[in-house]
Amino acid sequence: MSPSRESAAPLTKPAPLSVTLRINGESRTLSVAPWTTLLDLLRNHLDLTGTKKGCDHGQCGACTVLIDGRRALSCLTLAVMKDGAEITTIEGLAKGDELHPLQQAFIDHDAFQCGYCTPGQICSAAGLIAEGKAKTREEIRELMSGNICRCGAYPNIVGAIEQAMGGGR
Amino acid sequence: MNNFDYVRACDVAEAVKMKAATPHAKFIAGGTNLIDLMKYHVEQPRRLIDISRLPLTAVEETSAGGVRIGALVPNSTLAYHSLIESRYPLLASAILAGASAQLRNMASTGGNLLQRTRCAYFYDVATPCNKRTPGAGCSATGGLNRNHAILGASADCIATHPSDMCVALAALNATVQVTGAQGERAIPFADFHRLPGDRPDLDNTLRADEIILAVVLPPQGFAANHSYLKLRDRLSYAFALVSVAAALELDGGRIGEARLALGGVAHKPWRNEAAENALRGQAPGHEAFGRAADILLKDAKHVAHNAFKVPLARRAIIRTLTQAASGTPQIQSIKTIR
Ligand SMILES: Cc1cc2nc3c(=O)[nH]c(=O)nc-3n(C[C@H](O)[C@H](O)[C@H](O)COP(=O)(O)OP(=O)(O)OC[C@H]3O[C@@H](n4cnc5c(N)ncnc54)[C@H](O)[C@@H]3O)c2cc1C
Ligand code: SF4
Ligand code: FES
Ligand code: FES
């Protein structure tokens with residue numbers, strides 16, 4: 001009978017809630033269950049499948065998006081809590097056919113192999129650059145540690161970010 | 001996740017009222033611990049009360065010369081705040097040693113205090129766990145317990161508190177400001193988290209109807225002589241096996257005030273008054289630091305897989321105190337330990 005488990009009794013299905021988000025510059029109003037994560041909203045409700053589900057538990061960074069300009073994990077974010085927020089996903093970074101400097105830098109540096117972690121890496125790097133706290137390679141590595149790459153493309157990812165920051169080649 | 005309904009509180013009074021009205025409700029702030037536990041069915045609230053928009057986001061100086069941190073200040077905002085960077089760099093460093101940049105952007109000050117243990121059996125609802133289900137038994141005592149406590153554990157639970165930020169807050173003698181049905185009160189940090197005893201289901205002394213308003217730091221910040229050293233299985237983005245927060249006041253070649261807090265070793269950030277007393281008045285150096293470490297670890301008890309933590313903690317204490325005394329704190333992005 002712990003406080004966390006005594007509440008296990010089933011619940012009548014709560015009515016869906018309305019949530020309005022500005023996603024990649026476009027205002028979208030949706031009706032979602034309270035337990036819908038931002039990640040599931042993007043992928044399942046809006047077909048924005050660029051944002052990836054890796055672990056679904058905050059451990060890999062594949063689901064990283066920008067919420068009001070700050071990098072965050074969409075798998076641990078309830079969509080209803082972000083009503084009114086501005087969301088930027090990997091689909092929103094390029095300007096038409098012109099790639100975002102980070103996207104171009106990842107290509108230039110061969111900064112991926114399978115590509116599954118890449119949308120999260122790029123959104124996270126965009127957040128990192130906006131924060132302005134990383135100056136050295138060591139600082140980039142530390143402040144990008146929330147993005148795991150199973151293919152181990154780390155050195156090239158750091159190189160790509162250095163290029164986009166204007167530091168490296 | 002189980003079904004639940006969702007309400008948003010507009011002010012603190014409303015949040016407290018909403019909580020009192022629904023016993024199976026839980027507050028949600030950053031959601032980084034609660035949503036995770038709900039996905040594993042460890043937490044199953046029937047209602048979430050969203051407190052993330054409450055006006056508890058200020059970091060401001062107090063009239064007593066300290067700093068008051070609102071419960072909803074994100075961990076990243078706090079770590080990079082000019083008042084914290086300049087006056088309480090130990091706290092900034094401990095925060096930056098924890099989680100990842102994304103998680104620190106989401107995690108709140110209050111939520112960080114209330115994050116639950118990372119004991120794998122606590123997370124696995126298929127295994128017995130006294131913290132999850134009182135009286136069920138503890139799977140870790142006879143199971144995989146490499147990450148578990150060496151100090152203050154009980155027969156019922158050997159889990160550790162996972163926070164880095166709290167280790168620094170313990171060393172700094174912070175106070176937790178809360179309010180609830182019976183009004184406001186201030187809880188000294190040492191009394192906020194508890195030892196498991198025979199009630200491991202209770203992590204802390206916050207009452208069910210209470211909400212954290214703020215964490216208050218006293219004036220003394222130990223900006224000149226401090227260090228936070230975190231040892232873990234990866235170089236980043238992993239919980240501590242052992243971490244040490246050290247803060248010293250040096251007075252003409254002698255130690256004045258001394259603070260020493262450990263993470264990863266107990267059910268709460270661990271401090272030992274006798275160990276700190278043994279440092280006061282001494283010349284900083286290996287001998288005094290080793291003596292303090294021995295006092296702190298005198299009653300350490302290991303289980304099957306975590307005996308390594310005792311010598312690791314001893315060396316970490318000496319190294320962190322050395323870093324603090326020489327004014328060369330561990331930099332979290334630099335992975336060599338000097
Ligand atoms: C992969 C991963 C790695 C991590 N690594 C680390 C690490 O290395 N070091 C570390 O220290 N932490 C680490 N964390 C934990 C992280 O710091 C915590 O999850 C976070 O601080 C919790 O804050 P929150 O605001 O998200 O809390 P929430 O998840 O919103 O809430 C946690 C609990 O606190 C309650 N609550 C929240 N705010 C209040 C309030 N004001 N008053 C009363 N109750 C409240 C909620 O009801 C809930 O029970 C990690 C987390 C993840 C997912
Ligand atoms: S150590 Fe504590 S949290 Fe882990 S299984 Fe035992 S009772 Fe549960
Ligand atoms: S899917 Fe969100 S962190 Fe792994
Ligand atoms: S490129 Fe395959 S996981 Fe990073």
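About the cut-offs
- Residues numbered from 1 in each chain as written.
- Chains lettered and ligands numbered in written order.
- Predicted model: local features only at pLDDT ≥ 70, side-chain atom pairs only at ≥ 80, totals over all residues.
- Heavy atoms only, no water.
- Helix = DSSP H or I, 4+ residues; strand = E, 2+ residues; numbered from the N terminus.
- Rg over C-alpha atoms; globule rule 2.2 N^0.38 Å.
- Buried < 20%, exposed > 50% of the residue type's maximum accessible area, 1.4 Å probe, protein only.
- Contact = heavy atoms within 4.5 Å.
- Areas by Shrake-Rupley, 256 points an atom, 1.4 Å probe, with all protein chains shown as cover.
- Domains from an automatic or database assignment.
- Buried area = accessible area lost by both parts, 1.4 Å probe.
- Salt bridge = Lys/Arg side-chain N within 4 Å of Asp/Glu carboxyl O.
- Near = heavy atom within 4 Å.
- 1 Å grid on protein atoms, 1.4 Å probe; cavity = no way out; pocket = protein on both sides within 12 Å on 5 of 7 lines; lining within 4 Å.
- Sits in = over half its atoms within 2 Å of the grid points.
- Nonpolar A, V, L, I, M, F, W, Y, C, P; charged D, E, K, R; others polar.
- Pairing = 2+ DSSP bridges.
- Axes fitted to C-alpha atoms, helices over the stretch in contact; angles between N-to-C directions.
- Polar contact = N/O pair within 3.5 Å; in protein donor to acceptor, adjacent residues only side chain to side chain.
- Points joined across faces, edges and corners; volume = space filled by probe spheres on them.
- Patch = residues over 30% accessible without salt bridge, like charges linked within 9 Å, V, L, I, M, F, W, Y side chains within 5 Å.

Participant: Go over the overall build of chain B, please, and point to the residues and values.
Facilitator: Tallying secondary structure elements over chain B gives 13 helices and 12 strands in all. Over its C-alpha trace chain B gives a radius of gyration of 20 Å, about what one expects of a compact globule, namely 20 Å for 338 residues. Burial analysis of chain B (338 residues in total) assigns 57% to the buried set. Expressed as a percentage of contacts within chain B between residues at least 6 apart in sequence, the contacts between residues at least 24 apart total 64%. A total of about 12900 Å² of accessible surface is found on chain B, and carbon and sulfur atoms cover 54% of it.

Participant: Break down the domain arrangement of chain A for me, citing the residues and quoting the values.
Facilitator: All names here are of chain A. For chain A, the assigned domains are domain 1 (17-92) and domain 2 (101-164). Placing the centre of domain 1 and that of domain 2 at their C-alpha centroids yields a distance of 21 Å. Both sides together, the interface formed by domain 1 and domain 2 hides about 1200 Å², and carbon and sulfur atoms give 56% of it. Between Glu131 and Arg71 there is a salt bridge whose closest N-O contact spans 2.8 Å.

Participant: Any chance you could break down the site of ligand 2 for me, citing the residues and the numbers?
Facilitator: Residue and element names in this part refer to chain B. What surrounds ligand 2 is a group of 14 residues, the closest being Cys119, Cys129, Cys138, Cys157 and Ile158. In this structure the site holding ligand 2 corresponds to the largest cavity. Residue composition of the shell around ligand 2, by class: 9 nonpolar, 3 polar and 2 charged.

Participant: Quick one: what's the story with the sheet that holds strand E5 (residues 86-88) of chain A, residue by residue and with numbers?
Facilitator: Backbone hydrogen bonds are what pair the strands of a sheet, in a parallel or an antiparallel way. All names here are of chain A. Read across the open sheet, the 5 strands follow the order E2-E1-E5-E3-E4; overall the sheet is mixed. Each having just a single partner strand, strand E2 (26-32) and strand E4 (70-73) make up the two edges of the open sheet. Taken pair by pair, the neighbouring strands of this sheet meet at an average axis angle of 40°, ignoring direction. Pairing analysis gives 2 bridges linking strand E3 (residues 64-67) to E5, with the strands arranged antiparallel. Along E5, the bridge assignment pairs Ile67 with Ile87. In this fold helix H3 (residues 118-131) packs onto E3, E4 and E5, with an angle of close to 40° to the strand it touches most, E3.

Participant: Describe in detail the interface of chain A and chain B, supporting the description with residues and values.
Facilitator: Contact residues are listed per partner, giving 46 residues for chain A and 54 residues for chain B. A buried area of about 4000 Å², summed over both sides, lies between chain A and chain B, and 54% of it is on carbon and sulfur atoms. On inspection of chain A and its partner chain B, the count reaches 2 salt bridges. Counting across the interface, chain A meets chain B through 17 residue pairs in polar contact (both at pLDDT 80 or more). Among the elements of the structure, E4, H3 and helix H4 (137-143) of chain A are those that each provide at least two residues to the side of chain A that touches chain B. Grouping the constituent residues of the side of chain A that touches chain B by class yields 19 nonpolar, 14 polar and 13 charged.

Participant: Give me the lowdown on the domain arrangement of chain B, citing residues and values where you can.
Facilitator: Annotation of chain B at the domain level lists domain 1 (5-52) and domain 2 (226-325). The distance between the C-alpha centroids of domain 1 of chain B and domain 2 of chain B comes to 36 Å.

Participant: An account of the sheet that holds strand E3 (residues 47-50) of chain B is requested, with residue identities and associated values reported.
Facilitator: All names here are of chain B. Pairing is parallel across the open sheet formed by 3 strands, whose spatial order is E1-E3-E2. Each having just a single partner strand, strand E1 (5-8) and strand E2 (25-28) make up the two edges of the open sheet. The mean inter-strand angle of the sheet, taken between neighbouring strand axes irrespective of direction, is 25°.

Participant: Kindly report on the site of ligand 1, identifying the contributing residues and their values.
Facilitator: Ligand 1 sits among 34 residues. The nearest are B:Phe27, B:Gly31, B:Thr32, B:Ser108 and B:Asp164. More than one chain reaches ligand 1: its neighbouring residues belong to chains A and B. Here B:Phe27 contributes a backbone N or O atom positioned 2.5 Å from an oxygen atom of ligand 1. Separating an oxygen atom of ligand 1 from a side-chain N or O atom of B:Thr32 is a distance of 2.6 Å. Here ligand 1 loses 96% of its free accessible area of 980 Å² to cover by the protein chains. For the shell around ligand 1, the elements supplying multiple residues, two or more each, are E2, helix H7 (109-114) and strand E8 (211-217) of chain B. For the shell around ligand 1, the per-class residue count stands at 16 nonpolar, 14 polar and 4 charged.

Participant: Which residues make up the pairing of E3(A), and what values go with them?
Facilitator: All names here are of chain A. Burial of E3 is two-sided: the residues Thr64 and Leu66 facing one way and the residues Val65 and Ile67 facing the other way are all buried. Relative to E4, E3 runs antiparallel, the two being bridged by 4 bridges. Each residue of the ladder has a partner; that of Val65, found in E4, is Ala72. If you look at the hairpin formed by E3 and E4, you'll find 2 residues sitting between the two strands, and Asp68 has a positive phi there, around 45°.

Participant: Quick one: what's the story with the pairing of strand E9 (residues 226-231) of chain B, residue by residue and with numbers?
Facilitator: Residues and elements named next belong to chain B. In terms of burial, E9 is largely enclosed, as 6 of its 6 residues are buried. Because side chains alternate across E9, one face comprises the buried residues His226, Tyr228 and Lys230, and the other comprises Ser227, Leu229 and Leu231, equally buried. Across 6 bridges, E9 lies against strand E10 (residues 242-251) in antiparallel orientation. Residue pairing for E10: Leu229 is matched across the bridge by Val244.

Participant: Let's hear about the layout of surface pockets: which residues, and what values?
Facilitator: The computed volume of the second largest pocket comes to approximately 530 Å³. Taken together, 26 residues line the second largest pocket, and the ones lying closest to its centre are A:Lys82, B:Ser52, B:Pro74, B:Asn105 and B:Met106. Among the elements that take part in the lining of the second largest pocket, E4(A) stands out by supplying 3 residues, more than any other. Looking at the lining of the second largest pocket residue by residue, the class counts come to 12 nonpolar, 8 polar and 6 charged.

Participant: Explain a nonpolar patch on the surface to me, using residue names and the numbers behind them.
Facilitator: All names here are of chain A. On the surface, a cluster of nonpolar side chains totalling about 240 Å² of accessible area is made up of Leu99, Ile107 and Phe112. Structurally, Leu99 can be placed in the loop between E5 and helix H2 (101-108). Under the relative-accessibility criterion, Leu99 is labelled partly exposed at 36%.

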